[in-house]
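Single-letter residue listing:
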Amino acid sequence: MESLSFYENQFIKADSLISEGNSADAKELLEEILSQYPDFGKAHNHLGWIYYNKLSDYEKGIYHYKLAMKFEPKYPAPYLNYTYLLIDIGRYEEAKEHISFTMQTLENFDSSSYNSELGRMAEYENNYIAAYKYYNLAKKNALNPNFIDNMKANMKRVKDKMSIFEKLKLKLK
């Protein structure tokens, strides 16, 4: 059996393959890693990402994200990826609970991204005032200029969707 450091290097190769758009080879490499080290959380996260984003197999994505969080509880990527997946498949209550749990337990979470996702859910639920506030909060805590521009665009979009009464309510708060 190869050493863990060998598989850590293989994981880095798999990560590069994903970045290059070669998900098929990355998937094979990740499965090989997990066959030897089934508790390698980062490999589960990346495999979950492939199942979710490339193969649209949401249940396998969920399965691997949950294992990633279990085996690498301080690694922030699977928490956010799991959030994206839950929202994309319309499991909003579960996503809200997961975000709340993450923000209470994970030390190095990206509050801007989570507030943006809370805004996205509020917008899907036609709660435009809440969506606007979440997008604004996401913008305030962000450092990436492109992300900030996206939040401004999101805020404008939800403001355009608001009724006159919602706009007045927003100004009064």
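Residues numbered from 1 in each chain as written. Predicted model: local features only at pLDDT ≥ 70, side-chain atom pairs only at ≥ 80, totals over all residues. Heavy atoms only, no water.

A short note on the overall build of the chain
Per the secondary structure count, the chain includes 10 helices and 0 strands. Along the chain direction, N to C, the helices and strands of the chain fall in the order α-α-α-α-α-α-α-α-α-α. If one aligns the C-alpha atoms of the chain with their principal axes, the spans along those axes are about 65 × 30 × 30 Å. Evaluated residue by residue, the chain yields a buried proportion of 43% over its 173 residues. Long-range pairs, those at least 24 residues apart, make up 49% of the contacts in the chain between residues at least 6 apart in sequence. Accessible surface, the chain: about 9800 Å² in total, of which carbon and sulfur atoms supply 51%. Of the charged side chains in the chain, 23 are positive and 24 negative; the average position of the first set lies 13 Å away from that of the second. (Helix = DSSP H or I, 4+ residues; strand = E, 2+ residues; numbered from the N terminus. Buried < 20%, exposed > 50% of the residue type's maximum accessible area, 1.4 Å probe, protein only. Contact = heavy atoms within 4.5 Å. Areas by Shrake-Rupley, 256 points an atom, 1.4 Å probe, with all protein chains shown as cover. Lys, Arg positive; Asp, Glu negative; His and termini not counted. Charge placed at Lys NZ, Arg CZ, Asp CG, Glu CD.)

Remarks on the layout of surface pockets
What the largest pocket holds in volume is close to 160 Å³. As for the largest pocket, its lining consists of Met69, Pro73, Lys74, Tyr79, Phe101, Thr105, Leu106, Glu107 and Asn108. Residues belonging to the lining of the largest pocket are distributed by class as follows: 5 nonpolar, 2 polar and 2 charged. (1 Å grid on protein atoms, 1.4 Å probe; cavity = no way out; pocket = protein on both sides within 12 Å on 5 of 7 lines; lining within 4 Å. Points joined across faces, edges and corners; volume = space filled by probe spheres on them. Nonpolar A, V, L, I, M, F, W, Y, C, P; charged D, E, K, R; others polar.)

Observations regarding the environment of Tyr52
Take Tyr52: it is sitting in helix α3 (residues 41-54). As for Tyr52 and Asn127, which are separated by 75 residues in sequence, their C-alpha atoms are 27 Å apart.

A closer look at the side chain of Glu123
Within the secondary structure, Glu123 sits in helix α7 (residues 111-124). Filtering out sequence-adjacent residues up to four positions away, Glu123 remains in contact with Tyr128, Ala131, Tyr135, Arg157, Val158 and Lys161.

Comments concerning the packing of helix α8 (residues 128-140) against helix α10 (residues 164-172)
In the contact formed by α8 and α10, the axes pass within 10 Å of each other and the chain directions differ by 45°. By the angle between their axes, α8 is oblique relative to α10. For the crossing formed where α8 meets α10, the hand is right-handed. Taken together, the residues of α10 that come into contact with α8 (itself represented by Tyr128, Ile129, Tyr132 and Lys133) are Glu166, Lys169 and Leu170. Residues of the contact of α8 with α10, tallied by class, amount to 4 nonpolar, no polar and 3 charged. (Axes fitted to C-alpha atoms, helices over the stretch in contact; angles between N-to-C directions. Parallel < 35°, antiparallel > 145°, perpendicular 65-115°, else oblique. Left-handed = near helix turned anticlockwise from the far one by under 90°.)

Some remarks on the nonpolar core
With 17 residues, the main nonpolar core has Tyr65, Tyr82 and Met121 as its most contacted residues. When contributions to this core are tallied by element, the ones reaching two or more residues are α4 (58-71), α5 (77-88), α6 (92-105) and α7. Of all the elements, α5 adds the most residues to this core, at 6 residues. In this structure, this core is formed jointly by two domains, domain 1 (1-93) and domain 2 (110-172), each of which donates at least three residues. Here Tyr65 is in contact with Asn45, Gly48, Trp49, Tyr52, Asn53, Pro78, Asn81, Tyr82 and Leu85, once residues within four sequence places are set aside. (Core = buried A, V, L, I, M, F, W, Y, C linked by side-chain atoms within 4.5 Å. Domains from an automatic or database assignment.)

Here we look at the domain arrangement of the chain
Domain annotation for the chain reports domain 1 (1-93) and domain 2 (110-172). Contact between domain 1 and domain 2 buries roughly 760 Å² in total, counting both sides, with carbon and sulfur atoms accounting for 65%. Taken as a group, Leu80, Ile87 and Tyr92 account for 67% of the area that domain 1 buries against domain 2, more than any other trio of residues on that side. Counting every contact that joins domain 1 to domain 2 gives 1 salt bridge. The partner of Asp88 in a salt bridge is Arg120, and the shortest N-O contact between them spans 2.8 Å. For the side of domain 1 that touches domain 2, the elements supplying multiple residues, two or more each, are α5 and α6. (Buried area = accessible area lost by both parts, 1.4 Å probe. Salt bridge = Lys/Arg side-chain N within 4 Å of Asp/Glu carboxyl O.)

Examining unusual backbone geometry
Leaving glycine out, the prevailing phi sign among residues is negative, and the prevailing peptide bond configuration is trans. Residue Ser56 is not a glycine yet carries a positive backbone phi of 50°. Mapping Ser56 onto the fold places it in the loop between α3 and α4. Not every positive phi belongs to a glycine, and Asn126 is a case in point at roughly 60°. Secondary-structure assignment places Asn126 in the loop between α7 and α8.

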